[in-house]
Number of protein chains: 2
Amino acid sequence: MTTGLPFDDIRNLIKTMPMADLESAVKAKEHEAQLTKPPGALGKLEGLSEWAATWQGHYPPRTTRTIVAVFAGNHGVVNQGVAAYPQAVTAQMVANFQHGGAAVNQICKTFDLGLKVFELALDQPTGDITQEPALSEKDCAATFAYGMEAIAGGCDLLCIGEMGIGNTTIAAALAHGLFGGTAEEWVGPGTGVDNDGLKRKADALRRAVALHRIHLNDPLEVLRRLGGRELAAMAGAILAARMERVPVLIDGYVATAAAAVLYKMDNSALDHCVAAHCSAEPAHRKLLDKIGKQPLLDLGMRLGEGSGAAMAAGIVKAAINCHNDMATFASAGVANKEA
Amino acid sequence: MTTGLPFDDIRNLIKTMPMADLESAVKAKEHEAQLTKPPGALGKLEGLSEWAATWQGHYPPRTTRTIVAVFAGNHGVVNQGVAAYPQAVTAQMVANFQHGGAAVNQICKTFDLGLKVFELALDQPTGDITQEPALSEKDCAATFAYGMEAIAGGCDLLCIGEMGIGNTTIAAALAHGLFGGTAEEWVGPGTGVDNDGLKRKADALRRAVALHRIHLNDPLEVLRRLGGRELAAMAGAILAARMERVPVLIDGYVATAAAAVLYKMDNSALDHCVAAHCSAEPAHRKLLDKIGKQPLLDLGMRLGEGSGAAMAAGIVKAAINCHNDMATFASAGVANKEA
């Protein structure tokens, strides 16, 4: 590992990512074929079991310890009038997570998921991206590294989510910086800005992308200049999960934008990730297309805070329980398909 | 209630169905607006809480006791070579449910759902619909009444599923009998018949519909002539749930065909039902369109046995837990949207 610029550490890490465990994948396929059901009858659930085994790197797959990691940050760009709620709501919602009052808390309780909340210097909003980079390289790399702590203590499935007033603007800026197009294509109502707010969002995006344009060929520069702390931390968490063989469920538009940074660095970097759901934020589906992901659920949710990923974790748990605990044709004495 | 033909009892029951509890619906809407999230941000989950309250007829909605009812029957039409598995598999799978080895058992365990299995005279397959009515009116009405037992003991959410070798042919026959069209539009691979099997299914359908044609203007006649025991029992269970104010999650193609009989009798008869998922069985979406339902999930499942409805029950539980247990803006000290 070089001891040069902090970003070089991230670049080096990506070069050593573990790849798919094809042996576990084959075992999953072989076992699936013996279960008491017609081949393929569990649809996407079958693929989820195989995916979990492949990226956990062992067979059978497990979901005994699923963690929902929610990263919270504040953003200088809210000065541009892009958000429907005051910035103080970020810290208030973190307190709400800690007291068990948010949607994600109830979903975690329903599906027996652990919740970890990471507060990222909420009293120090990042730089306003229309005026300056959101973060210095050092801050960005340190936050990325902090995000890697999400899996400390071990887990076998990680859900990635966020909270941050103004961060659908930041997600749109990342998407625009990474994939081009127009500002209008990438902005949406977020928590519910009106038409004037939407115009301010697009305008802020245009100005931010123009300001940083010459640096946007490097995905990590896009992350630090147009991103934010929770975005950097989510990218770190996703990469750490890959290194430690933990499959990841990516939540909505903002989490997907963070993931997209890794995808642009190496388009196999998200092979251990499933897109949990398609958010109602209009540009989410397009961003999922850009990173080559089909969403598992489409429930019209647009809350963030890992809520969509946590819903999908319930589906994954059911899938893995079917795979691991169903009887086989032989064990149950059920006749298989007529030859 | 008349003491005439048994079907008249069912017709009379439908006339006395309770309607939506709009007071509970309003309470759900009002409470939803106070929860710590942007309005609408939980998407379809919000609608599910309101639906549950509306059809449970009380506020707040509950999911403390969810039952998955699986009805199993055998079909004379398998003599026409329409099924990929031998008829003995119906009883073998019932034993598998009872021993906890099937997919639906694992999904029930994952989401803490109760499972009830109803075995319907498996040693007496119904009449071959290409030759005779599946059931006499008396048998059909008795089986319908037996299905009403699904909610005995009480529950606050009912998932409807089935098992029966040959019953995708029966479902297609019901759909064809109720909604017209061509045999080919309504048949599909079921548990996995090959192309020749598919042709035999379509051919059996055509012959069955031709034989019973003059009786098909009465949905209950369609049910007894082209249906089967588990279909009659599912229709009974859905109506019983309505009478007792229990919302229903309808599983796949076969369960939807049973529900469609009630819809044709009174197109408000399924207002207490949500279509749990869209099956991979090709005609399911079309049948859902006919009864005016949008599926909640689309996971490519096509197993039956209530598995898709049980998956959806996990989603409904999470939705209701969010609705009932989230903090409000006032209780959490979170600032609401800027005016």
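Please refer to the structure higher up on the page.
One structure accompanies this document, and this report is about it. What you are looking at is a predicted structure, and each value in this text was computed from that prediction instead of being measured.

What counts and how
Residues numbered from 1 in each chain as written. Chains lettered and ligands numbered in written order. Predicted model: local features only at pLDDT ≥ 70, side-chain atom pairs only at ≥ 80, totals over all residues. Heavy atoms only, no water. Contact = heavy atoms within 4.5 Å. Buried area = accessible area lost by both parts, 1.4 Å probe. Salt bridge = Lys/Arg side-chain N within 4 Å of Asp/Glu carboxyl O. Polar contact = N/O pair within 3.5 Å; in protein donor to acceptor, adjacent residues only side chain to side chain. Helix = DSSP H or I, 4+ residues; strand = E, 2+ residues; numbered from the N terminus. Nonpolar A, V, L, I, M, F, W, Y, C, P; charged D, E, K, R; others polar. Buried < 20%, exposed > 50% of the residue type's maximum accessible area, 1.4 Å probe, protein only. Pairing = 2+ DSSP bridges. Axes fitted to C-alpha atoms, helices over the stretch in contact; angles between N-to-C directions. Parallel < 35°, antiparallel > 145°, perpendicular 65-115°, else oblique. Left-handed = near helix turned anticlockwise from the far one by under 90°. Arc of directions from axis to C-beta.

On the side of chain A, 54 residues touch chain B, which itself brings 54 residues to the contact. Summing both sides of the interface, chain B and chain A together bury roughly 4,400 Å²; the carbon and sulfur share of this comes to 65%. Of all residues in chain B, the largest losses of buried area upon contact with chain A belong to B:Tyr85, B:Leu299 and B:Lys337, amounting jointly to 13% of the total for that side. Inspection of the region where chain B meets chain A yields zero salt bridges. The interface formed by chain B and chain A includes 14 residue pairs in polar contact (both at pLDDT 80 or more). Per-element accounting of the side of chain B that touches chain A gives the leading share, eight residues, to helix α14 (residues 307-325) of chain B. Considered class by class, the residues forming the side of chain B that touches chain A number 30 nonpolar, 15 polar and nine charged.

Before going further, it helps to examine the pattern of salt bridges. Counted by the stated rule, this structure contains 24 salt bridges over all chains. The partner of A:Asp218 in a salt bridge is A:Arg11, with the nearest N and O atoms 2.6 Å apart. Of this pair, A:Asp218 sits in the loop between α9 (195-212) and α10 (219-226) while A:Arg11 sits in helix α1 (residues 6-15), and the two are 207 residues apart along the sequence. With a relative accessible area of 18%, A:Asp218 lands in the buried category. On the basis of relative accessible area, A:Arg11 is assigned to the partly exposed category, the value being 26%. Two residues, B:Glu221 and B:Arg225, come together in a salt bridge whose shortest N-O distance is 2.8 Å. Highlighted residues: B:Glu221 and B:Arg225, both in helix α10 (residues 219-226), separated by four residues, approximately one helical turn. There is no split in this pair, since B:Glu221 and B:Arg225 are both buried. Salt bridges sharing common partners tie together A:Asp8, A:Arg11 and A:Asp218.

Our focus in this paragraph is the sheet that holds strand β2 (residues 114-119) of chain B. Adjacent strands of a sheet form backbone hydrogen bonds with each other and so pair up, either parallel or antiparallel. All names here are of chain B. Pairing is parallel across the open sheet formed by five strands, whose spatial order is β2-β1-β3-β4-β5. Strands with a single pairing partner mark the edges of an open sheet, and in this sheet they are β2 and β5 (273-275). The sheet shows a mean angle of 25° between the axes of neighbouring strands, direction not considered. In the sheet, strand β1 (residues 66-72) pairs with strand β3 (residues 157-163) via seven bridges, with the strands oriented parallel. Bridge pairing links Ala72 to Met163 in β3. The strands that helix α4 (residues 88-98) touches are β1, β2 and β3; relative to β2, the one it contacts most, it runs at about 150°. The sheet strands contacting α14 are β1, β3 and β4 (248-250), and the helix crosses β3 at an angle near 165°.

Moving on: the packing of helix α7 (residues 167-179) of chain A against α9(A). Residue and element names in this part refer to chain A. Two elements in contact, α7 and α9, have axes whose closest approach is 10 Å; the angle formed by their N-to-C orientations is 45°. Accordingly, the angle class assigned to the pair α7 and α9 is oblique. Along this stretch, α7 crosses α9, giving a crossing that reads as right-handed. In this structure, α7 uses Thr168, Thr169, Ala172, Ala173 and His176 to contact α9, whose residues at the interface are Lys201, Leu205 and Val209.

This part covers α4(B). The set of residues buried in α4(B) consists of B:Val89, B:Thr90, B:Met93, B:Val94, B:Asn96 and B:Phe97. The arc that holds the buried residues of α4(B), viewed along the axis, is 155°, so those residues lie on one side. Check the buried side of α4(B) and you find it contacts α15 (329-332) of chain A together with β1, α5 (103-111), β2 and β3 of chain B.

All names here are of chain A. Within the secondary structure, Gln131 sits in the loop between β2 (114-119) and α6 (137-147). C-alpha separation for the pair Gln131 and Asp156, spaced 25 residues apart in sequence, amounts to 41 Å. Beyond its immediate sequence surroundings of up to four residues, Gln131 is in contact with Gln80, Arg207 and Leu211. A distance of 3.0 Å separates the side chain of Gln131 from the side chain of Thr130, its partner in a polar contact.

All names here are of chain A. Overall, parallel pairing links the five strands, which are arranged β2-β1-β3-β4-β5 in an open sheet. The sheet is open, and its two edges are formed by β2 and β5 (273-275), each paired on a single side. Each adjacent strand pair in this sheet contributes to an overall mean axis angle of 25°, direction not counted. Two elements, strand β3 (residues 157-163) and strand β4 (residues 248-250), share three bridges in a ladder whose sense is parallel. Note that in β4 the partner of Leu158 across the bridge is Val248. In this fold helix α11 (residues 229-243) packs onto β1 (66-72), β3, β4 and β5, with an angle of close to 175° to the strand it touches most, β3.

Any functional reading would require information that these geometric values do not contain.
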